[in-house]
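Coordinate analysis (summary)
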Amino acid sequence: MGEKKRRRRDLFQNISIVLLSLSAVFLFAQTQLYTLGVDAGSDYLQYLTGESVQTPPPAQTALTSLSAPVRLAVTGVYGGRYGSVTLTTTGEVFEPVGGLLREALRSVQPLTSCESEEFLDALNGTSVYCDFLECLPLPVLAGLVGASLDSDLSVRRMMVSSGEGDGVRLYLWGEEDRCWRGLSAISPRELDDVVNGYELNGAFFAMDSGEPDAAEAAPCSLFPLELPELPLLTSTAVLPSSDALLTALGFYPRTNSRYTESGGVEVVTDGDRTLRISPDGFVRYRSGGDPAITVSAAGETPTVTEGVMGASALLNALLPDQAGGASLYLQNVRRTGITMTLSFGWQINGVPIRFDRGGSAGEVTLTGGTVSMLSLRFRQYTDAGETSLLLPLRQALAIAVQREGGELSIGYVDNGVTASAKWLAD
């Protein structure tokens, strides 16, 4: 009997020791996670377990939340125009046009090829025209206005026009001046309602201008009657803390695998992954193994829409809160096999920002669903309290004539200290 009691007592003692040990481990882990912070703790757990860091977060945003610059021209029944070269797809002024494009894309009948001359002729009818500045996959442009479309086309310009006959057509302008058209379910009255909501302001296309030099510019170069007054911007590199970057990219923020090169570049390694943080605000990430950053996808390889959403979410998660009013927008998508490279630029209030030495603001390369390379140029733009001096249109055309057929537009050029508005000829 005494032997049974002793065995029972020993059993209870062993159970107590195990429970106390587990409790101590739990408290220690809680203390460490508290030290790292809530967000860092989540990534730290992923780091320990070797799980992939998923992006975007579960509350995945739609493409309609992404702000893209767009140039808008609305043509009335008598040929008068409203035009703006400082709009974004998320702005209130664009909303009626966005709704019209959404319905046109949803209801368009099979698209057929057409000549670019037909597209240009349709601009003279009652129409709504949008230039998204860059040739992008049609599913992405459709997503920006809330439509879902499966297509292999790359498109820069869209137009809804009454054209000839009773139907309202959707026109698309893509790479190498290729154009397509298709009949939509939009009625002429619905188109008129949208057109009549804009006050005509005398905007015109290069093909309409009486200026001799305008004939040398791309016909769809859009000019406002009065040039916009755009502020001069200061340009500075504003980096988040190294720990914040490491946490966002799934590194252990307290790692000792880091050093600083003679030029001031901080290098952090984690197995086959490397992060380089330059003092001028340029960050580069490379990965060849686990733990990996992945984008959410329904299949093994993300669709172009999934890739855009994932890459945008990842880059925006790296940005500090004080962005200075500027935001990233998609400039280019390149696909080769299972590899997808997405390039992004900065824009502020619908005006794109370029760098005087070229290059993009950010770039993400996906191999399958894994982020294999990433770069981001951190910038903060602030109103300098001055107005950028734009050349009068006539002088700008005289300069642009040296590049026959070039697209003449307004954009910011960042020299690393300031960003000033200028005429751009592409």
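Scroll up for the structure.
Residues numbered from 1 in each chain as written. Predicted model: local features only at pLDDT ≥ 70, side-chain atom pairs only at ≥ 80, totals over all residues. Heavy atoms only, no water.

**A closer look at the overall build of the protein**
Stated formally: Helix and strand definitions here come from DSSP, where helices need a minimum of 4 consecutive H or I residues and strands a minimum of 2 consecutive E residues; each element is numbered from the N-terminal end. Only protein chains enter the accessibility calculation, which uses a 1.4 Å probe; a residue is then buried when its area is under 20% of its type maximum, exposed when over 50%, and partly exposed in between. Any two residues having at least one pair of non-hydrogen atoms within 4.5 Å are treated as being in contact. The Shrake-Rupley method, run with a 1.4 Å probe sphere, supplies the accessible areas, and residue values consider only the shown protein chains as cover.
Looking only at helices and strands, the protein has nine helices and 24 strands in total. Sorting the 426 residues of the protein into buried and exposed places 48% on the buried side. Contacts in the protein between residues at least 24 apart in sequence constitute 63% of all its contacts with a sequence separation of at least 6. Carbon together with sulfur atoms contributes 50% to the accessible area of the protein, which is approximately 21,100 Å² in total.

**Some details on the packing of aromatic side chains**
Basically, it comes down to this: For this analysis, a ring pair means two rings from Phe, Tyr or Trp (six-membered ring only for Trp) whose centres lie within 6.5 Å, classed as stacked if their planes differ by under 30 degrees, edge-to-face if by over 60, and tilted for the remaining angles.
Applying the stated criterion to the full structure yields eight aromatic pairs. For the pair Phe119 and Tyr171, a centre-to-centre distance of 6.1 Å together with 85° between the ring planes defines the contact as edge-to-face. Residue Phe119 is found in helix α4 (residues 116-122), and its partner Tyr171 is found in strand β7 (residues 169-174); the two are separated by 52 residues along the sequence. The buried category is assigned to Tyr171, whose relative accessible area is 4%. On the basis of an interplanar angle of 80° and a centroid distance of 5.0 Å, the ring pair of Phe119 and Trp173 is categorised as edge-to-face. One end of the pair, Phe119, is in helix α4; the other, Trp173, is in strand β7, with 54 residues separating them in the sequence.

**Quick notes on the pattern of salt bridges**
Which entries qualify depends on this criterion: Salt-bridge detection follows one rule: a side-chain nitrogen of Lys or Arg within 4 Å of a carboxyl oxygen of Asp or Glu.
For the coordinates displayed, the defined rule picks out 13 salt bridges. Two residues, Glu118 and Arg181, come together in a salt bridge whose shortest N-O distance is 2.4 Å. With Glu118 in helix α4 and Arg181 in strand β8 (residues 179-183), this residue pair connects regions lying 63 residues apart in the sequence. For Arg379, the salt bridge is made with Asp414, and the minimal N-O distance between the two is 3.6 Å. Of this pair, Arg379 sits in the loop between β21 (370-377) and β22 (380-387) while Asp414 sits in strand β23 (residues 408-414), and the two are 35 residues apart along the sequence. When its relative accessible area of 10% is taken as the criterion, Arg379 is described as buried. Among the residues examined, Asp414 registers a relative accessible area of 1% and is labelled buried. Where salt bridges share partners, they join Asp131, Arg156, Arg157 and Glu407 into one cluster.

**With respect to the packing of helix α3 (residues 95-107) against helix α6 (residues 188-195)**
To be explicit about the condition: Axes here mean lines fitted to C-alpha atoms, for a helix over just the part in contact, with angles spanning 0 to 180 degrees between N-to-C directions. Oblique is the label for every angle not falling under 35 degrees (roughly parallel), over 145 degrees (roughly antiparallel), or within 65 to 115 degrees (roughly perpendicular). Crossings are sorted by hand: turned counterclockwise from the far helix by less than a right angle, the near helix makes the crossing left-handed, and turned clockwise it makes it right-handed. Ten residue types, Ala, Val, Leu, Ile, Met, Phe, Trp, Tyr, Cys and Pro, are classed as nonpolar, four, Asp, Glu, Lys and Arg, as charged, and the remainder, Gly among them, as polar.
As a packed pair, α3 and α6 sit with axes 10 Å apart at the nearest point and diverge in direction by 160°. Relative to α6, the element α3 lies roughly antiparallel. As α3 runs across α6, the sense of the crossing is left-handed. Taken together, the residues of α6 that come into contact with α3 (itself represented by Pro96, Val97 and Leu100) are Glu190, Leu191 and Val194. Across the contact of α3 with α6, the residue classes break down as five nonpolar, no polar and one charged.

**Digging into the side chain of Ser409**
Tracing the backbone through its elements, the reader meets Ser409 in strand β23. Of the residues examined, Ser409 reaches a relative accessible area of 7% and is grouped as buried. In contact with Ser409, other than residues within four places in its own chain, are Arg71, Lys422, Trp423, Leu424 and Asp426.

**Some remarks on the pairing of strand β11 (residues 231-236)**
So the rule is basically this: Following DSSP output, two strands are said to pair if at least two bridges run between them.
When β11 meets β22, the two strands line up antiparallel, connected through five bridges. Directly across from Pro231, in β22, lies its bridge partner Thr387. Note that β11 and strand β24 (residues 418-425) share two bridges and pair antiparallel. Bridged to Leu233 within β24 is Ala419.

**Comments concerning the sheet that holds β8**
Strand order in this open sheet of seven strands is β3-β2-β5-β6-β7-β8-β4, and the pairing throughout is antiparallel. Where the open sheet ends on each side, the last strands, each with one partner, are β3 (81-88) and β4 (112-114). Direction aside, neighbouring strands of the sheet carry axes that sit 25° apart on average. Two elements, β4 and β8, share three bridges in a ladder whose sense is antiparallel. Bridge assignment links Cys114 to a residue of β8, and that residue is Cys179.

**Thoughts on the pairing of strand β14 (residues 273-277)**
Residues in a regular strand point their side chains to alternate faces of the sheet. The alternating pattern of β14 places Arg273, Leu275 and Ile277 on a buried face, while none of Thr274 and Arg276, on the opposite face, is buried. With five bridges connecting them, strand β13 (residues 266-270) and β14 associate as antiparallel partners. Along β14, the bridge assignment pairs Val268 with Leu275. Counted along the chain from β13 to the antiparallel partner β14, the turn is two residues long, and its residue Gly271 has a positive phi close to 65°. By the bridge criterion, four bridges tie β14 to strand β15 (residues 282-286) in an arrangement that is antiparallel. Note on β15: the bridge partner recorded for Thr274 is Arg286. The turn joining β14 and β15, which pair antiparallel and follow one another in sequence, is formed by four residues; a positive phi near 95° is taken by Gly281.

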